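# A structural walkthrough
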Protein chains: 2
Amino acid sequence: MDTFSESGYFWKGGQTLKVPMELFKLNRQRLCEALRSHRTLPSDSFVLLQGGTSEMRYCSDHEPLFRQESYFHWTFGVIEPDFIGAINIQNNQSILFIPRLPPSYVAWMGKIKEPDEYKKIYHVDHVYYVDELEKTFDELVGTSKLILVLHGLNTDSGSESKPANFNGIEKFHLDKTTLHPIITECRVLKTDLELDVLRYTNKISSEAHKFVMLNIKDGMYEYETEALFQYYCHRYGAMRHMSYTCICATGENPAVLHYGHAGAPNDRQLTSKDMCLFDMGGEYYCYASDITCSFPVSGRFTNEQRIIYEAVLDANRQVMKNVRPDVSWVDMHLLAERTQLEHLKQAGLIQGDIDEMMDVRLGALFMPHGLGHMIGIDTHDVGGYLDPHTRSTLPGLKSLRTNRLLKERMCITVEPGIYFNQALLNDGYNNNELNKFLNKNIIDKYLHIGGVRIEDNIVITKDGCELLTNVPRSCDEIEEWMNNNNKEIVDKIDYQ
Amino acid sequence: MDTFSESGYFWKGGQTLKVPMELFKLNRQRLCEALRSHRTLPSDSFVLLQGGTSEMRYCSDHEPLFRQESYFHWTFGVIEPDFIGAINIQNNQSILFIPRLPPSYVAWMGKIKEPDEYKKIYHVDHVYYVDELEKTFDELVGTSKLILVLHGLNTDSGSESKPANFNGIEKFHLDKTTLHPIITECRVLKTDLELDVLRYTNKISSEAHKFVMLNIKDGMYEYETEALFQYYCHRYGAMRHMSYTCICATGENPAVLHYGHAGAPNDRQLTSKDMCLFDMGGEYYCYASDITCSFPVSGRFTNEQRIIYEAVLDANRQVMKNVRPDVSWVDMHLLAERTQLEHLKQAGLIQGDIDEMMDVRLGALFMPHGLGHMIGIDTHDVGGYLDPHTRSTLPGLKSLRTNRLLKERMCITVEPGIYFNQALLNDGYNNNELNKFLNKNIIDKYLHIGGVRIEDNIVITKDGCELLTNVPRSCDEIEEWMNNNNKEIVDKIDYQ
Ligand SMILES: [Mn+2]
Ligand SMILES: [Mn+2]
């Protein structure tokens with residue numbers, strides 16, 4: 001068997017998830033329905049999408065492992081590079097255009113699949129070669145000459161999608177404005193079939209976090225924990241790609257939100273006094289997970305660690321209790337912030353009136369990032385802002401990756417955090433509006449914690465949310481899990 | 001500690017290798033000497049190199065883990081993106097230009113390092129900001145206005161290096177032809193300091209291969225073996241990057257030379273009858289390793305498996321016995337091919353006169369790739385062809401990534417192989433020149449083997465070579481290693 005040998009499914013064997021090709025057919029159908037209800041379109045108008053292309057590193061022939069472009073994946077589920085796809089908007093009929101491979105491919109890359117084989121694998125209606133695009137479109141788009149291509153802003157990156165292209169496209173009328181907002185909104189609301197994949201990525205990544213927690217030892221380097229996590233995801237979940245670069249932050253590093261990148265490469269040695277902030281998630285068939293576990297290396301929380309941890313956990317749980325359709329994500333951010341400030345005040349790190357603190361955005365000193373982001377095929381999934389001009393400019397709120405009202409079937413991360421970033425705190429001490437709330441002597445006692453983040457992935461349901469993540473969360477649960485001395489479990493931990 | 005906290009070294013802690021910054025200083029010095037002896041250059045002429053840049057995946061904000069551009073790494077050893085480097089050719093003085101990071105970097109990415117910190121880390125003479133390039137060059141390159149930039153062909157990819165650039169560069173005289181062949185030749189001949197890194201990458205990757213051999217089981221999926229290999233390299237060798245996509249081929253897949261890519265993603269389930277062809281190597285501080293082990297899943301060679309394996313091993317060993325400075329790599333390819341043909345004839349798969357077979361390039365039916373390639377910072381390292389027009393057009397020989405005479409300090413892979421690719425064999429059966437040599441009935445009995453490759457990395461010495469790879473190679477060694485039932489070794493295997 002291989003990935004597509006179970007007819008109609010993507011499947012990595014054993015107990016990995018079988019993903020039906022129906023998922024993409026349904027996505028295409030939803031897209032066409034949304035386009036048709038948006039406005040009347042001629043019966044021979046088409047959507048045209050360009051798949052990801054094979055690349056080489058700089059001038060060398062090193063090929064990074066290909067990962068499909070996300071809009072194209074959502075629409076067709078194709079795992080190979082250099083495809084183009086089209087859909088007839090009236091009747092949902094789908095076409096894949098495949099690259100014409102040279103005869104040498106058979107020795108170097110593998111068996112050359114015929115169009116009919118791809119038709120069976122991806123459950124599309126027609127398959128042609130990329131070099132047949134012009135001819136095919138000449139025949140199919142005879143009257144209206146209307147092609148909808150993808151062009152629009154990604155509000156997380158500030159980049160724009162690159163519209164599909166082919167030799168001869170200039171003969172057609174290209175509509176560059178209709179498709180992007182509509183396909184983006186389709187991606188925001190997950191189908192049951194997509195939810196199954198997100199449940200799976202969360203299940204495997206949750207188990208991988210538990211595997212790391214069991215295996216962690218004083219004296220290890222942070223990158224060893226990254227190795228353990230990736231190993232578990234890949235070996236037991238067939239997750240060859242991570243959703244994003246692993247953040248394995250210990251000591252003071254948790255204060256750096258995107259620690260782990262090439263310039264700060266998870267290279268610190270752990271000590272028994274450290275808190276860990278491990279933000280890691282694997283992806284399966286391009287669907288992401290994004291989970292953060294925070295816990296002490298020693299397996300036992302100190303009093304200070306527990307105070308901060310429980311403040312963040314309370315914020316996380318308050319949000320989960322309050323999410324439902326039509327709730328504003330901005331309000332959820334403020335709820336999390338307020339909850340954390342109350343705990344910090346209780347513990348004496350800050351003083352004064354909470355409403356005043358909220359007004360001057362004190363919370364952003366401790367949590368400079370947004371409460372969470374849409375998740376799906378991209379970790380920071382599309383559709384966070386219906387209008388990017390509505391983005392707040394206030395501390396904390398300006399970092400929100402969405403300011404929308406929640407809707408059923410949105411998937412989003414809930415990831416409050418409290419961080420002790422010396423540079424940010426100094427900004428606070430030097431700011432007359434903020435300074436009066438801060439008890440530097442007490443805060444100093446917490447600096448060594450670096451930071452705590454608790455990140456879960458949820459899907460919004462009719463009257464609340466479903467929690468996809470499944471890791472030990474309370475201090476007691478974490479201590480119990482980490483002190484389970486039955487080392488057998490390290491090998492036996494399974495993903496069933 | 002972190003990667004650069006041991007002053008003057010790149011080091012990942014524990015028993016990982018300490019790489020002195022001296023390595024890059026020496027590279028720069030060698031480059032300047034070579035340029036000066038090439039022709040007289042004005043005393044204020046400079047080399048200018050552009051480092052790799054940070055990228056996002058398509059329109060999203062997903063940042064793939066940054067890996068430095070290889071020429072820039074060779075010259076400066078910088079691990080971060082978006083740097084530019086310059087060297088005064090007369091006095092070897094080095095300058096790094098660093099990106100000016102926004103204040104928000106401190107919360108998201110980490111402490112912002114000052115120019116002086118980078119000066120200490122990378123042992124360069126001066127550090128300025130990238131936005132100071134024009135001003136700095138105005139002062140430094142006052143008279144000659146001569147800047148040597150990188151522009152030239154990579155003979156493996158067919159791509160060209162992208163010359164460095166900055167606002168205002170048009171005021172200067174850009175020499176785009178001198179630098180590329182000279183720096184490329186410097187990269188071809190490895191220093192002692194570079195050899196230490198290549199010895200280390202080979203050591204760790206060899207141990208990782210041994211780890212996989214111990215853990216392999218009937219019923220596993222190929223991707224699980226990839227997970228095991230990467231885990232070992234990363235955890236015990238601090239190799240966060242693989243040198244190339246892992247090839248974990250079993251069953252008939254070994255016949256596909258670059259199996260393992262996104263379209264053929266190591267997704268087959270192993271059976272006890274399979275041969276494995278595992279071509280995997282980790283990189284450390286951008287230096288590569290590239291090792292192939294072939295062995296039976298069962299841990300015991302069948303008669304047919306042994307015959308093919310020993311044919312390839314004999315070719316591998318014959319080459320190692322015959323390499324030395326001034327030997328032609330084309331001759332080594334032919335030697336390997338002849339050795340393999342002799343074994344195949346002996347076993348009855350082919351018949352007839354070996355010289356005639358060589359004349360009609362029969363060997364390329366069984367080994368369509370070249371015998372090996374330079375290795376260094378790139379897996380397929382630069383400098384394989386002094387003149388790309390001298391590339392052969394004959395089967396097998398046209399796939400050689402170098403046709404040069406060997407030189408002391410060249411590092412190269414020795415990777416003969418015999419493959420049973422049904423499509424290639426059919427070409428043979430249908431070819432009147434080749435057909436008469438082929439005993440289809442006997443070849444058919446070997447088809448299930450898929451293929452065998454034995455790949456070692458060597459450095460050419462004064463009178464022969466040094467073998468960098470260290471894995472079980474004879475059939476007896478492999479059987480002994482795989483049948484060591486002391487499972488403790490799976491955990492205890494160490495890299496000392
Ligand atoms: Mn997140
Ligand atoms: Mn190789």
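Everything numeric here is computed off the predicted structure, so don't read it as measured data. (Residues numbered from 1 in each chain as written. Chains lettered and ligands numbered in written order. Predicted model: local features only at pLDDT ≥ 70, side-chain atom pairs only at ≥ 80, totals over all residues. Heavy atoms only, no water.)

## Here's the deal with the interface of chain A and chain B
Note the threshold: We call two residues in contact whenever any of their non-hydrogen atoms come within 4.5 Å of each other. Simply put, the buried area is the total loss of 1.4 Å probe accessible area from both parts when two parts are fitted together. For salt bridges, the criterion is a side-chain nitrogen of Lys or Arg within 4 Å of an Asp or Glu carboxyl oxygen.
Taken together, the contact between chain A and chain B spans 81 residues of the former and 81 residues of the latter. Buried area between chain A and chain B, both sides added, is near 6300 Å², and the carbon and sulfur share of it is 55%. The tally of links from chain A across to chain B stands at eight salt bridges. In this structure, Asp61 of chain A and Arg401 of chain B form a salt bridge, with 3.0 Å as the shortest nitrogen-oxygen distance.

## Topic: the environment of Glu342 of chain B
Inclusion rule: Runs of H or I in DSSP of at least four residues are treated as helices and runs of E of at least two as strands, each being numbered from the N terminus.
Here Glu342 of chain B lies in helix α10 (residues 329-346). C-alpha of Glu342 of chain B to C-alpha of Asp359 of chain B: the two residues are 17 residues apart in sequence and 14 Å apart in space.

## Section: the packing of aromatic side chains
Residue and element names in this part refer to chain A. Put simply, the rule reads: Each Phe, Tyr or Trp ring (for Trp, its six-membered ring) is paired with any other whose centre lies within 6.5 Å, and the angle between the two planes then decides the class: stacked below 30 degrees, edge-to-face above 60, tilted in between. Exposure is judged per residue with a 1.4 Å probe applied to protein chains only, and the accessible area is read against the type maximum: over 50% gives exposed, under 20% gives buried, and values in between give partly exposed. Whether a charge sits over a ring depends on NZ of Lys or CZ of Arg being within 6 Å of the ring centre and within 35 degrees of the ring normal.
With the rule as written, the count across this model stands at 51 aromatic pairs over all chains. Ring centres of Phe24 and Tyr285 lie 5.4 Å apart, and the angle between their planes is 80°; on these two criteria the pair is classed as edge-to-face. Linking Phe24 in helix α1 (residues 22-38) with Tyr285 in the loop between β12 (282-283) and β13 (291-296), this pair joins segments that are 261 residues apart in sequence. According to the relative accessible area criterion, Phe24 is buried, its value standing at 0%. The buried category is assigned to Tyr285, whose relative accessible area is 6%. The ring of Tyr71 has Arg187 sitting right over it, with the charged end atom 4.4 Å from the ring centre. Sitting over the face of the ring of Trp481, Lys210 holds its NZ or CZ atom 4.6 Å from the ring centroid.

## Some words on the coordination of the manganese ion (ligand 1)
Residues and elements named next belong to chain A. The criterion, for reference: Because water is not among the atoms used, a metal site may look incomplete, as its donors are only the N, O and S atoms within 2.8 Å, or 3.2 Å for Na, K and Ca.
The protein atoms donating to the manganese ion (ligand 1) are Asp290 (OD), His373 (NE2), Glu415 (OE) and Glu455 (OE), with metal-donor distances spanning 2.1 to 2.3 Å. Within one chain, the residues serving as donors to the manganese ion (ligand 1) are arranged as D-x82-H-x41-E-x39-E. A residue pair is termed long-range when its members are at least 10 positions apart, and Glu415 in the loop between β14 (411-414) and β15 (417-419) and Glu455 in the loop between β16 (451-453) and β17 (456-461) qualify at 40 residues. Judged by relative accessible area, Glu455 falls into the buried class, the value being 0%.

## Comments concerning the pattern of salt bridges
The final tally for this structure, using the stated rule, is 66 salt bridges over all chains. A salt bridge links Asp355 of chain A to Arg338 of chain A; its shortest N-O distance comes to 2.8 Å. Placement of Asp355 of chain A in helix α11 (residues 354-359) and of Arg338 of chain A in helix α10 (residues 329-346) is noted, with a sequence separation of 17 residues between them. In this structure, a network of salt bridges that share partners links the residues Arg57 of chain A together with Arg187, Lys190, Asp378 and Asp381 of chain B.

## Observations concerning the relation of the copies chain A and chain B
The test is simple: Superposing the copies works by least squares over the C-alpha atoms of residues that have pLDDT at least 70 in both of them.
Rotating chain A by 180° and moving it 0.0 Å along the rotation axis overlays it on chain B with an RMSD of 0.0 Å. Such a combination of rotation and displacement between the chain copies is what one expects of a two-fold axis. Taking C-alpha positions as reference, the residue of chain A nearest the rotation axis is Tyr231 of chain A, located at 2.8 Å. Interface overlap between copies is the fraction of interface residues in one copy that are interface residues in the other; for chain A against chain B it reaches 100%, indicating a shared surface.

## Some words on the sheet that holds β14 of chain A
Through backbone hydrogen bonds, the strands of a sheet pair up, either in parallel or in antiparallel fashion. Residue and element names in this part refer to chain A. Our working rule: Think of it this way: DSSP has to see at least two bridges between two strands before they count as a pair. Each axis is a line fitted through C-alpha atoms, and for a helix only the stretch in contact is used; angles between axes span 0 to 180 degrees, taken between their N-to-C directions.
The strand order across the open sheet formed by three strands is β14-β17-β18, and the pairing between neighbours is antiparallel. With one partner strand each, in any of the chains shown, β14 and β18 (464-467) form the two edges of the open sheet. Each adjacent strand pair in this sheet contributes to an overall mean axis angle of 40°, direction not counted. Pairing of β17 with β18 involves four bridges; the strand directions are antiparallel. Along β18, the bridge assignment pairs Ile460 with Cys465.

## Here we look at the sheet that holds strand β7 (residues 146-149) of chain A
All names here are of chain A. With mixed pairing, six strands are arranged side by side in an open sheet as β6-β5-β4-β3-β7-β8. In this open sheet, the two edge strands, each paired with only one partner strand, are β6 (126-129) and β8 (173-175). Each strand axis lies, on average, 25° off the axis of its neighbour in the sheet, ignoring direction. Pairing analysis gives four bridges linking strand β5 (residues 94-98) to β6, with the strands arranged parallel. When the bridges of β6 are listed, Leu96 appears paired with Val127. Set on the sheet, α1 makes contact with β3 (46-50), β4 (84-88), β5 and β7; between it and β4 the angle comes to about 55°.

## Quick look at the packing of α1 of chain A against helix α7 (residues 192-215) of chain A
All names here are of chain A. For the record, the criterion: We call two directions roughly parallel when the angle between them is under 35 degrees, roughly antiparallel when it is over 145, roughly perpendicular when it lies between 65 and 115, and oblique otherwise. We call a crossing left-handed when the near helix sits turned anticlockwise from the far one by less than a right angle, and right-handed when that turn is clockwise. Three residue categories are used. Nonpolar comprises Ala, Val, Leu, Ile, Met, Phe, Trp, Tyr, Cys and Pro, charged comprises Asp, Glu, Lys and Arg, and polar comprises the others, including Gly.
Between α1 and α7, the least distance of the axes is 9 Å, while the angle of their chain directions is 135°. On the basis of their axis angle, the class for α1 and α7 is oblique. Crossing of α1 over α7 shows left-handed handedness. Here Glu22, Leu23, Leu26, Asn27 and Arg30 of α1 come into contact with α7, specifically with Leu193, Glu194 and Val197. Partitioned by chemical class, the residues of the contact of α1 with α7 number four nonpolar, one polar and three charged.

## Focus on the pairing of strand β13 (residues 291-296) of chain B
Residues and elements named next belong to chain B. Of all six residues in β13, six are buried; the element is thus mostly enclosed. Sheet topology places strand β11 (residues 275-280) next to β13; six bridges connect them, and they run antiparallel. If you follow Cys276 over to β13, its bridge partner there is Phe295.

## Details of unusual backbone geometry
Residues and elements named next belong to chain A. In this structure, Asp326 is a non-glycine residue whose phi angle is positive, near 80°. One can find Asp326 in the loop between α9 (303-322) and α10. With a phi close to 80°, Arg409 is a non-glycine residue in the positive phi region. Structurally, Arg409 is set in the loop between α12 (363-366) and β14.

## Regarding helix α16 (residues 475-482) of chain B
It helps to recall that an α-helix has 3.6 residues per turn; residues three or four apart then point in one direction. All names here are of chain B. Quick note on the threshold: Picture the helix axis, draw a direction to every C-beta atom, and the arc is the one those directions span.
Among the residues of α16, those classed as buried are Cys475, Ile478, Glu479, Trp481 and Met482. End-on view of α16: buried residues confined to an arc of 165°, all on one side of the axis. Of the exposed residues in α16, those oriented more than 90 degrees away from the buried face are Asp476 and Glu480.

## Some remarks on the side chain of Arg473 of chain B
Residues and elements named next belong to chain B. For clarity, the threshold we go by: As used in this structure description, the phrase polar contact means that two N or O atoms lie within 3.5 Å; if the pair is within protein, one of them must be able to donate a hydrogen and the other to accept it, and residues adjacent in sequence are counted only when both atoms belong to side chains.
With respect to the helices and strands, the residue Arg473 is situated in the loop between β18 (465-467) and α16. There is a polar contact of 2.9 Å between the side chain of Arg473 and the side chain of Asp456. If we skip the residues at most four places from it in the chain, Arg473 touches Ile291, Thr292, Cys293, Tyr309, Leu313, Arg317, Ile454, Glu455, Asp456 and Ile478.

## As for the environment of Leu362 of chain B
All names here are of chain B. On the secondary structure map, Leu362 appears in the loop between α11 (354-359) and α12 (363-366). C-alpha separation for the pair Leu362 and Leu228, spaced 134 residues apart in sequence, amounts to 37 Å. Those residues in contact with Leu362 that lie beyond four places of it in its chain are Leu341, Ile350, Met357, Leu434, Phe437 and Leu438.

## Side note on the side chain of Thr201 of chain B
All names here are of chain B. Note on placement: Thr201 falls in helix α7 (residues 192-215). A distance of 3.1 Å separates the side chain of Thr201 from the backbone oxygen of Ala288, its partner in a polar contact. Leaving out residues up to four positions away in the same chain, Thr201 has contacts with Met239, Gly282, Glu283, Tyr284, Tyr287, Ala288 and Ser289.

## What about the confidence of the model for chain A?
All names here are of chain A. Note the following rule: Per-residue confidence from the predictor is given as pLDDT, running between 0 and 100.
Summarising the model, chain A shows a mean pLDDT of 95, and 97% of its residues fall at 70 or more. This stretch, residues 491-496, has a pLDDT under 50; its non-local contacts, to residues over four places away or in other chains, come to 16 contacts. Here the predicted complex carries an ipTM of 0.97, next to a pTM of 0.97.

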